[in-house]
Amino acid sequence: MAGPTALVSALREELATVLGLMPDEQQQVFGGRTFWRGHLHGHDVVAVLSGIGKVAAATTATALIERFGVQRIVFTGVAGGLAPGVRVGDVVVARQFLQHDMDASPIFPRHEVPGYGRSTFDADAALTDQLVRASDMVLKDLPALLGDEVMRTFDLQSPRCHLGLLLSGDRFVSTTAESAALREDLPTALAVEMEGAAFAQVCHDYGVPLAVVRTISDRADDAAHVDFPRFLHEVASRYSGAIVEALLRG
Ligand code: ADE
């Protein structure tokens, strides 16, 4: 493989386990971001925190491609569940991405990205298949990863892996009214976060394969602001680390 694999999360808690798995990493600071160059299970990797939101995500993706010549990007993190069966502790792997706050109407149809003639961008099919397999493996053995107490605390019962449409926007969705509106406008959406679709647009521009996996930390409802930080601190990093390990082990 030509360039390194990029491993990206928005937040430190989400990337912590991955960084712990890289024994020889070297830090490089560029564009206000720290990039960790090293190896993970024999793969040449570069890990980075994208920061939160679409602009931070787009600049991070561009730096990874232009500066580090990454040949594929894997994004792991958390998201708010939208579709009825997408529960806290489930995993969503993106097949497609859409910016739910993109609206240049009436000049362009709502959600269409001007200049592209489309509202959705695709994840890389082969890398996404691998990520689904890695996620399934981790979910099968979740009690061993998290322990019974965490399983009970977060009421994690047989968590599932879902594949489909992931929404991104520059808003933490934390009211039941807003998540209901998103469900009504975009009924096939599985979950909502703040970076994936920006990565997808940049990766589309450069022809770089992208796959995104998100653990559901909250239901993007009135309780989201309570559920999200708890899940982030106690669980999210373990999911991300285990899924990335399973992916790179192959
Ligand atoms: N990431 C995790 N939960 C989220 C939410 N409810 N809205 C946006 N991004 C999120």
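In case you missed it, the structure is sitting above this.
Rules used in this analysis
- Residues numbered from 1 in each chain as written.
- Predicted model: local features only at pLDDT ≥ 70, side-chain atom pairs only at ≥ 80, totals over all residues.
- Heavy atoms only, no water.
- Axes fitted to C-alpha atoms, helices over the stretch in contact; angles between N-to-C directions.
- Helix = DSSP H or I, 4+ residues; strand = E, 2+ residues; numbered from the N terminus.
- Parallel < 35°, antiparallel > 145°, perpendicular 65-115°, else oblique.
- Left-handed = near helix turned anticlockwise from the far one by under 90°.
- Contact = heavy atoms within 4.5 Å.
- Core = buried A, V, L, I, M, F, W, Y, C linked by side-chain atoms within 4.5 Å.
- Buried < 20%, exposed > 50% of the residue type's maximum accessible area, 1.4 Å probe, protein only.

S.K.: Any chance you could explain the packing of helix α3 (residues 125–140) against helix α8 (residues 224–249) here in plain terms?
M.R.: The angle between the axes and the distance between the axes are what describe a pair of packed helices. In the contact formed by α3 and α8, the axes pass within 8 Å of each other and the chain directions differ by 125°. Compared by their axis directions, α3 and α8 come out oblique. The interaxial crossing formed by α3 with α8 has right-handed handedness. Across the interface between the two elements, Gln130, Leu131, Ala134, Ser135, Met137, Val138 and Leu139 from α3 touch Tyr239, Ala242, Ile243, Ala246 and Leu247 from α8.

S.K.: Please clarify how the nonpolar core should be interpreted in this entry.
M.R.: Within soluble globular proteins, side chains that are nonpolar tend to cluster in buried spots. With 79 residues, the main nonpolar core has Leu7, Leu64, Ile73, Phe97, Phe199 and Tyr239 as its most contacted residues. Looking at which element gives the most residues to this core, the answer is α8, with twelve residues. Residues within four places of leucine 7 in sequence aside, it is in contact with Leu15, Val18, Leu40, Val45, Val46, Ala47, Val48, Val74, Val244 and Leu248. Counting residues in each nonpolar core, the second largest holds ten residues, with Leu82, Leu167, Ala189 and Ala220 among its members.

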